[in-house]
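Each chain, written out:
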Amino acid sequence: GCPQGPRPVTSVLALAVTSEQIEHLHRRFKQLSQDQLTIRKENFDSIPDLEFNPIRGKIVHAFFDKRNLRQESDGLADEINFEDFLTIMSYFRPIEMNMDEEQLDRFRKEKLKFLFHMYDSDHDGKITLQEYRNVVEELLSGNPHLEKESARSIADGAMMEAASICVGQMGPDQVYEGITFEDFLKMWQGIDIETKMHVRFLNVDTIAHCY
Amino acid sequence: MGSRGRPPRPAAPRPPALPALLPVLAALAAGAAEARATSEGQLPGAAAMGTGTPPSPSGTAFEETRLHVFTLDYPHVQIPFEITLWILLASLAKIGFHLYHKLPSIVPESCLLILVGLLLGGIIFGAEEKSPPVMNSDVFFLYLLPPIVLDAGYFMPTRLFFENFGTIFWYAVVGTLWNAIGIGISLYGICQISAFGLTDITLLQNLLFGSLISAVDPVAVLAVFENIHVNEQLYILVFGESLLNDAITVVLYNLFKSFCQMRTIKVIDIFAGIANFFIVGIGGVLIGILLGFVAAFTTRFTHKIRVIEPLFVFLYSYLSYITAEMFHLSGIMAITACAMTMNKYVEENVSQKSYTTIKYFMKMLSSVSETLIFIFMGVSTVGKNHEWNWAFVSFTLLFCLIWRALGVFVLTQIINVFRTIPLTFKDQFIIAYGGLRGAICFSLVFLLPPAVFPRKKLFITAVIVVIFFTVFIQGITIRPLVEFLDVKRSNKKQPAVSEEIYNRFFDHVKTGIEDVCGHWGHNFWRDKFKKFDNKYLRRLLIRENQPKSSIVSLYKKLEIKHAIEMAESGMISKVPSSVSLSDYHEGKIKPLSPTEMENMREILTKNLYQIRHRTMSYNRHSLAADAGEKQAKEILIRRRHSLRESLRKTNSLSRERPVLAVSAAFF
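Residues numbered from 1 in each chain as written. Chains lettered and ligands numbered in written order. Predicted model: local features only at pLDDT ≥ 70, side-chain atom pairs only at ≥ 80, totals over all residues. Heavy atoms only, no water.

> Can you tell me about the packing of helix H5 (residues 137–154) of chain B against helix H17 (residues 439–446) of chain B, naming the residues and giving the values?
Residues and elements named next belong to chain B. Two elements in contact, H5 and H17, have axes separated by 9 Å at closest approach and are oriented at 145°. Of the residues in H17, those in contact with Ser 137, Phe 140, Phe 141 and Leu 145 of H5 are Ala 439, Ile 440, Ser 443, Leu 444 and Phe 446. Looking at side-chain class alone, the contact of H5 with H17 contains seven nonpolar, two polar and no charged residues. (Axes fitted to C-alpha atoms, helices over the stretch in contact; angles between N-to-C directions. Helix = DSSP H or I, 4+ residues; strand = E, 2+ residues; numbered from the N terminus. Contact = heavy atoms within 4.5 Å. Nonpolar A, V, L, I, M, F, W, Y, C, P; charged D, E, K, R; others polar.)

Shown next as structure tokens:
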């Protein structure tokens, strides 16, 4: 399994999202679940715009991933309740102005962990070449003209870049197993993920509902 | 704009170019001045050196002229000759600066160019006793400004621009209005104090002055920000503001100018002014977009005559500019919109060579333009059209600074509520400090009709002082300030495929989550636009339309680049045998586990590096039995090395480096 730091309490996270936002998300949850208490994977099929998203599978998967739901066990949950829904949404909450360095760092790590879990589909804590290829193929799946070969070679090239960044000069007998979370952190160093990975919960248009 | 940042080779013998250059420049200028003076005084065609008598005006039949062995006919070539001399002068000055490689990092080029201009202006003034009439406002607006804006618009990072569009628009429109009215009214207040002797300047004149001096200038911003490398977000905010505020500057300037000339002002005129703003802005953008599409469409059919492809890019963009100017719309916005529209589609239609030509020619034109503008500003400063008034000038400067700072601060508090990434105090400070004035207000002030503005000279002096202050003091000190405040700098890394993959992945995640929440964010609109673009626009405007992924195009670009680099650095033809030798010594290097490596080898040998295959024949003779396996490993090693090199590479443009570094690794 992947190394876990001290787990923040879910209720503290929920407080970080304002009550207005919770209300709105609750309404959305009810729409998705069709007034049931839990959501299953099938409920996500009712979102029309999500169909065109090439990595739809991974996004839906992320909602049910037990690692994201901060549960001790591994694997996939069958259904999630509203609290779990909120937990997932809290990964996308905006940065608060009064956060100090340590909080910011933890904030950033949480978000990157979420993304890491999306890449690492077999839950072994490493992104192997095969998983990376999988990601690239899905990303490029919307393009009918592209051969599978190209997708694979792109993934291979990217993996080699990752190896160069993370391990640098490799010794004669070193084998690069895959991208660990630390390596992943290194690669996202230049990018402000904590400010970009944020969905504004204000100004929601209720036209975007599911049928 | 990157050509100016190139560090020259640290060669030891550096001729003292700058002092030697000055007499050359002086000679050129004096020569031009003198030639003009002499030509004005004499009859054309006749020369002092010619033999024979000058032809008499009546041209009597029997007074023949002998054949002139040598004639000097300056007026015939006067205009092109002078233009060429000026451009030559500007370019020589640029060479001069870059010979001292420390100089451009301390003092921005714009300052040095203005100084050169001042010097020249002084020389010409001394030679002719009148102000050199070089910078005509028409010349500036019609010939010198468009190339700079075109270059900036063509290479603008569109994605970042549109992400920050709201903020940019807010600063440009509301900020400029705030500044204009604030400066105008406070100056009027100062003028009311009779001790300063300014009471004859009316409120409207002050407002007009305020409107022309509040415009942040794109040329100055580009010149200064280019060297300090702040992060792209800040750069796009200041630069975008300087481009978009043209609309409001045009409107306010014309508005107040007409008001000054009208006897009574009715409410309807104010509404007309507001409506004018929308027409100027939106009209300019529409013209630009329309001509951009026409240009893209035209390039769809140019595959048989590749040679004139670059011409279309320049013609259509210039056409958009002057069409907008014809209707008194915002030319800057038109040409920017045209360039941004054209860029996407033209890039796919034209050949590689044409693309390179377009890029270099654009940069060359904009570089020359910018140099000329600053030199002319210096030259035009020297002269007799100045009127100094301590109060007016110093208060103008003071108010410009105060209102700009206040404006940025207040506006940012409001816009931060709507932004995903709030702007910190550091950002605000840099935005306020980076509000440089330049040639646009300079030219606008020269355009004021002297009949309506009896104190025009005072305005000119004040504008010049403000420009000099912002360009010199703010331009020179912004770099140490940026370092002192530890503003985030741009990290110009090589574009990596993995980064592109991450970015795209992330976009999709964000869009997906937004869809789940039922929230329409930026990503939603961007997605919608992309779908529309793919369905209709690309099919219409691009010749061989294949839906392309940015990941694939980037990957292909990088592959080509690597292959070219390797071929250029001679790696492929030079080092085959030594590589095979070192292969033995280095042992097996496994970047990935063996089964995976098997796969990669397969793919790599199949898909990539056709160039390598051709030269592999050398290796066959010196390689042992397992030729296929060795070949593939070799490719892998080379690729890894080159990747590492490229990742380690800083922004230097020297070409010698790859051969040295890589062959050192091999030996």
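That was the structure; now back to the text.
> Run through a nonpolar patch on the surface, naming residues and quoting values.
On the surface, a nonpolar cluster with roughly 880 Å² of combined accessible area is contributed by B:Met262, B:Ile265, B:Val267, B:Ile270, B:Phe271, B:Ile274, B:Phe278, B:Ile282 and B:Leu286. Using a relative accessible area of 31% as the deciding quantity, one classes B:Met262 as partly exposed. (Patch = residues over 30% accessible without salt bridge, like charges linked within 9 Å, V, L, I, M, F, W, Y side chains within 5 Å. Areas by Shrake-Rupley, 256 points an atom, 1.4 Å probe, with all protein chains shown as cover. Salt bridge = Lys/Arg side-chain N within 4 Å of Asp/Glu carboxyl O. Buried < 20%, exposed > 50% of the residue type's maximum accessible area, 1.4 Å probe, protein only.)

> Tell me about the environment of A:Glu137, and please be specific about residues and values.
Mapped onto the fold, A:Glu137 is located in helix H6 (residues 129–139). With eleven residues separating them along the chain, A:Glu137 and A:Lys148 place their C-alpha atoms 7.1 Å apart.

> Explain the packing of helix H7 (residues 165–192) of chain B against helix H8 (residues 203–213) of chain B to me, using residue names and the numbers behind them.
Residue and element names in this part refer to chain B. It is at 7 Å that the axes of H7 and H8 come closest, and there the two elements cross at 135°. Viewed along their axes, H7 and H8 adopt a mutual orientation that is oblique. Of the two elements, H7 crosses H8, and the hand of that crossing is right-handed. Of H8, the residues touching H7 (which contributes Ala 180, Ile 181, Ile 183, Gly 184, Ile 185, Leu 187, Tyr 188 and Cys 191) are Leu 203, Asn 206, Leu 207, Phe 209, Gly 210, Ser 211 and Ile 213. Looking at the contact of H7 with H8 residue by residue, the class counts come to eleven nonpolar, four polar and no charged. (Parallel < 35°, antiparallel > 145°, perpendicular 65-115°, else oblique. Left-handed = near helix turned anticlockwise from the far one by under 90°.)

> Tell me what's going on with the confidence of the model for chain A, and back it up with residues and numbers.
In this model, chain A carries an average pLDDT of 71, and 70% of its residues clear a pLDDT of 70 or more. Contacts from residues 202–211 of chain A, a stretch scored under 50 in pLDDT, to residues over four places away or in other chains number 22 contacts. (pLDDT = per-residue confidence, 0-100.)

> Which residues make up the environment of B:Ala247, and what values do they have?
All names here are of chain B. With respect to the helices and strands, the residue Ala 247 is situated in helix H10 (residues 232–261). A sequence separation of 84 residues divides Ala 247 from Gly 331, and the C-alpha atoms of the two residues are 8.4 Å apart. Residues contacting Ala 247, with those up to four places away along its chain left out, are Phe 277, Val 280, Gly 281, Ser 330 and Met 333.

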